[in-house]
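Per-entry structural report
Below, each chain spelled out in residue letters.
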Amino acid sequence: MFGRRVEKLTSILDVAKAMIAERDLDALLRIIVDEAAAVVDADRCSLFLVDRERGFLWSKVAQGMGWGEEIRVPMGKGIAGHVAATGEVINLADAYEDERFNRGVDLETGYRTRALLCVPMRNTRGELVGVLQALNSKTTGRFTEEDTELLLVLGGQAAGAVENALLHDEIHRLFEGF
């Protein structure tokens, strides 16, 4: 058990290095969701970024969804919206037992969400940048406290990398006109 935890933490460090180097937001988001799924042995992961001006979360990268399909969730709605609004971690053994869970995505896609783990992504200043959501543990049927800790660590690393990529995009757009 200890060896597996060390492997997962080493993996998070490796991906943190890769995230720091990646400036393309789309590529970065793919790296983050792929690594998040691997670290917690999830069937699928999604990453939602906060749009404070409009009051919603958005995601272009959700495993199992088509590339470029954007998901928008109002702040405070659904599991991801609740995590974004409150900063709480939500770990559910059966998502369908929680009234906040939006069954509509499962109905649209034919996917069946069972276990769900959703954590806030905070930058070094403690500000919310987004949320990471893992679906259906492949090993235990539910997500553990260790999974929660690991996803929070990865989310913290990811928050800084996402902010850097967004800033890089903004600077690039600013200088395109010159």
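Fair warning: this is a prediction, and the values are worked out from it, not measured in the lab.

With 15 residues, helix α2 (residues 25–39) should cover 21 Å at 1.5 Å per step; its first-to-last C-alpha distance of 21 Å lies within 8% of that length. Among all positions in α2, only Leu25, Ala27, Leu28, Leu29, Ile32, Val33, Glu35, Ala36, Ala37 and Val39 are buried. Count one or two residues on from α2 and you reach aspartate 41, which has phi positive near 50°.

The geometry of an aromatic ring pair comes down to the distance between the two centres and the angle between the two planes. Under the criterion given, the structure shown has 1 aromatic pair. Measuring from ring centre to ring centre gives 5.2 Å for tyrosine 96 and phenylalanine 101, while their planes differ by 55°; the resulting arrangement is tilted. On the basis of relative accessibility, which here comes to 23%, the residue tyrosine 96 falls in the partly exposed class.

With respect to the helices and strands, glycine 87 occurs in the loop between α3 (78–86) and β4 (90–92). A C-alpha to C-alpha distance of 7.8 Å links glycine 87 and leucine 128, two positions 41 residues apart in sequence. Leave out the neighbours within four places in its chain, and glycine 87 touches His82, Pro120 and Arg122.

Bringing α3 into the picture now. Those residues of α3 that sit buried are Ile79, Ala80, Gly81, His82, Val83 and Ala84. Its buried side turned inward, α3 meets β1 (42–51), β2 (56–59), β3 (71–74), β4, β5 (116–122) and β6 (128–137).

For the rest of this paragraph, the subject is the nonpolar core. Residues Leu47, Leu132, Ala134, Leu151 and Val162 are the most contacted members of the largest nonpolar core, which totals 30 residues. Here this core gets 8 residues from one element, more than from any other, and that element is α2. Listed in part, the 19 residues of the second largest apolar core include Ile71, Leu92, Phe101 and Leu116.

Attention now goes to the sheet that holds β3. Sheet architecture is open: 6 strands sit in the order β3-β2-β1-β6-β5-β4, paired in antiparallel fashion. At either end of the open sheet lies a strand with only one pairing partner, and these are β3 and β4. Within this sheet the neighbouring strands show an average axis-to-axis angle of 25°, counted without direction. Judged from the 7 bridges that link them, β5 and β6 form a sheet pairing that is antiparallel. In the sheet register, methionine 121 faces β6, and the bridge partner there is glycine 130. Packed onto the sheet, α2 meets β1, β2 and β6 and runs at close to 140° relative to β1.

Scoring rules and cut-offs
- Residues numbered from 1 in each chain as written.
- Predicted model: local features only at pLDDT ≥ 70, side-chain atom pairs only at ≥ 80, totals over all residues.
- Heavy atoms only, no water.
- Helix = DSSP H or I, 4+ residues; strand = E, 2+ residues; numbered from the N terminus.
- Expected span 1.5 Å × (residues − 1).
- Buried < 20%, exposed > 50% of the residue type's maximum accessible area, 1.4 Å probe, protein only.
- Phe/Tyr/Trp six-rings, centres within 6.5 Å; stacked < 30°, edge-to-face > 60°.
- Contact = heavy atoms within 4.5 Å.
- Core = buried A, V, L, I, M, F, W, Y, C linked by side-chain atoms within 4.5 Å.
- Pairing = 2+ DSSP bridges.
- Axes fitted to C-alpha atoms, helices over the stretch in contact; angles between N-to-C directions.

Read these as spatial facts, not as claims about activity.
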